[in-house]
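Reading the structure
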Amino acid sequence: MASMSENFLKKRTTTKRVIQCSKCSSNIEVPPTAQTIHCRQCNTYILVSRASRSISGNPLVMSKQVTNSGATQPRLNKRALLCGVSYRGLKYRLRGTINDVNRMQQFLTKRFNFPKQSIRILTEDQPKEEDTPTRKNIENALRWLVEDCQSGDSLVFYFSGHGLRQPDFNGDENDGFDETLCPVDFSKEGMILDNDINSIIVKPLPAGVKLHAIIDACHSGTILDLHYIYKIKSNKWEEDVAPSGRPPKGTSGGLAICFSACADSQRAVDTSIFSEKGKHIFARKDMYGAMTTLFIRAVESHSNITYVGILEFMNEECEAMNIRGRCFNRPSLRRMFNRGLLQEPQLSSSKDFDVDEKFEL
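Residue positions are given per chain, counted from 1 along the sequence in the order it is written. In keeping with the model being predicted, local features are shown solely for residues with a pLDDT of at least 70 and side-chain atom pairs are shown and tallied solely at 80 or more, while totals for entire chains, interfaces and linings include all residues. The side-chain figures draw on all heavy atoms in the structure; neither hydrogens nor water molecules are used.

Going by an unreviewed UniProt entry, the protein chain carries the name Peptidase C14 caspase domain-containing protein and comes from Vitis vinifera.

Focus on the overall build of the protein chain
Every helix listed is a DSSP run of H or I at least four residues long, and every strand listed is a run of E at least two residues long, numbered separately from the N terminus. Helix and strand counts for the protein chain stand at 8 helices and 20 strands. Classification of the 361 residues of the protein chain by burial places 53% in the buried group. Any two residues having at least one pair of non-hydrogen atoms within 4.5 Å are treated as being in contact. For the protein chain, long-range pairs separated by at least 24 residues make up 68% of all intrachain contacts whose partners lie at least 6 apart in sequence. A total accessible area of about 17,300 Å² is found for the protein chain, and carbon and sulfur atoms account for 50% of it. Per-residue accessibility, obtained with a 1.4 Å probe over protein chains only, is compared with the maximum for each type, and a residue is labelled buried under 20%, exposed over 50%, and partly exposed between these values. To be clear on the numbers: accessible area is Shrake-Rupley with a 1.4 Å probe, and residue cover counts the displayed protein chains and nothing else.

A word on the sheet that holds strand β12 (residues 177-181)
With respect to topology, 3 strands assemble into an open sheet ordered β11-β12-β13, the strand pairing being antiparallel. Of all the strands in the sheet, just β11 (163-167) and β13 (192-193) have a single pairing partner and so form its edges. Across 2 bridges, β12 lies against β13 in antiparallel orientation. Residue pairing for β13: T180 is matched across the bridge by L193. For two strands to be treated as a pair, DSSP must find no fewer than two bridges joining them.

Digging into the sheet that holds strand β8 (residues 78-84)
Taken in spatial order, the 8 strands make up an open sheet running β9-β8-β10-β14-β17-β20-β15-β16, and their pairing is mixed. Because the sheet does not close on itself, it has two edges, and the strands there are β9 (119-123) and β16 (236-239). Looking at each pair of strands side by side, their axes are set apart by 20 degrees on average, direction ignored. The pairing of β8 with strand β10 (residues 154-160) spans 7 bridges and is parallel. Residue pairing across strands places A80 opposite V156, the latter belonging to β10. Across the face of the sheet, helix α3 (residues 135-146) comes into contact with β8, β9, β10 and β14 (210-216) while running at roughly 165 degrees to β8. Fitted lines through C-alpha atoms serve as axes, helices being fitted only where they are in contact, and the angles separating the N-to-C directions of these axes extend from 0 to 180 degrees.

Observations concerning the pattern of salt bridges
Only one rule defines a salt bridge in this text: a Lys or Arg side-chain nitrogen within 4 Å of an Asp or Glu carboxyl oxygen. Taken as a whole and assessed by the stated rule, the structure comprises 5 salt bridges. The closest approach of N and O atoms between K210 and E357, which form a salt bridge, is 3.6 Å. Remark: E357 occurs in the segment after β20 (346-349) and K210 occurs in strand β14; sequence separation between them is 147 residues. Using a relative accessible area of 25% as the deciding quantity, one classes K210 as partly exposed. With relative accessibility at 34%, the residue E357 sits in the partly exposed group. A salt bridge links K358 to E360, with the nearest nitrogen and oxygen atoms 3.2 Å apart.

Concerning the environment of G250
Within the element layout of this structure, G250 appears in the loop between β16 and β17 (255-260). Placed 101 residues apart in sequence, G250 and K351 show a C-alpha to C-alpha distance of 8.5 Å. Residues contacting G250, with those up to four places away along its chain left out, are V202 and K203.

Thoughts on the nonpolar core
One finds L108, F295 and F359 to be the most contacted residues of the largest nonpolar core, which totals 42 residues. Listing elements by their share of this core, those giving two or more residues are β8, α2 (97-111), β9, β10, β15 (228-231), β17, α6 (290-301) and α7 (307-326). Among the elements that take part in this core, α7 stands out by supplying 7 residues, more than any other. Ignoring any residue separated from it by four or fewer positions in sequence, one finds F359 in contact with F112, H212, F259, F295, V299, I305, T306, Y307 and I310. Membership of the second largest hydrophobic core comes to 36 residues, among which are C83, I138, L181 and C182. Note on terminology: a nonpolar core comprises buried Ala, Val, Leu, Ile, Met, Phe, Trp, Tyr and Cys residues joined through side-chain atoms within 4.5 Å.

See the structure below:
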């Protein structure tokens, strides 16, 4: 016969936990091992360790998570949002974006120990409607990324898809264009502007929080509207000052850093050229974003690589591939390289930090 203590432990283990959503106050049942929950009423994703209140009486605190057995787990201080948009069935379809997301997820979990439960993925092959990369879902997920972040948190926003530009009407762009990201439904719901991205994930960052954005899209050089752009030719930061004289957009004390595929006036490409498995230039099944592949390769091949080291590696590899592409005898291949791989990866930041610092997530 089981002892009283065993019966009590069994009862505690099987007790259902219910918390209230921090946004709409709806009651949500929490599975025993869950660390992230989804409120279907307001489409909000919440880390269990950051939930506001417990209805069942089990304390859920900000600094640690209390398990049913009484043990504690460290608070999750790493969170990532990975978006890959392939635009299936459309003439501007991209074939490497889902491959990019899968690669990036493995990169974060294996190289930088991001817990899988703290990574949210938006792609067109996800089973749930709320995990498809629509404009609404991407914006909601961006809010989730920075929600309740605290000093010491490491946040990552990754996007692989189309980027475009549109005329700037508020005078904060030197080139007269706002940079944009294209969700899967952008032709109906519109694009996501750099101004909006800055407002959602850059401006709210509190002191001690670091956000890294890795954007593999066309026209993405200043997609986060960060104040400083690193110029690789002069080896220094330059301020991106609004022509209207408006004060620079900043954070609330945190640091935002962005690696992007190309300058605002350039285009990026997904290709099989950098694929280790791709034996033929048209091997569609092995398509990847050139910038994504080079970024991961730079970090994985150099254990102590710096921020400027990543930037230099990507630019040198892109230039080398441009030269190789122009050496092909077939005119169609030369045109493809000249049109597709003429991209110069960029680094921007909310602060002019030391680029010789070791890259860490």
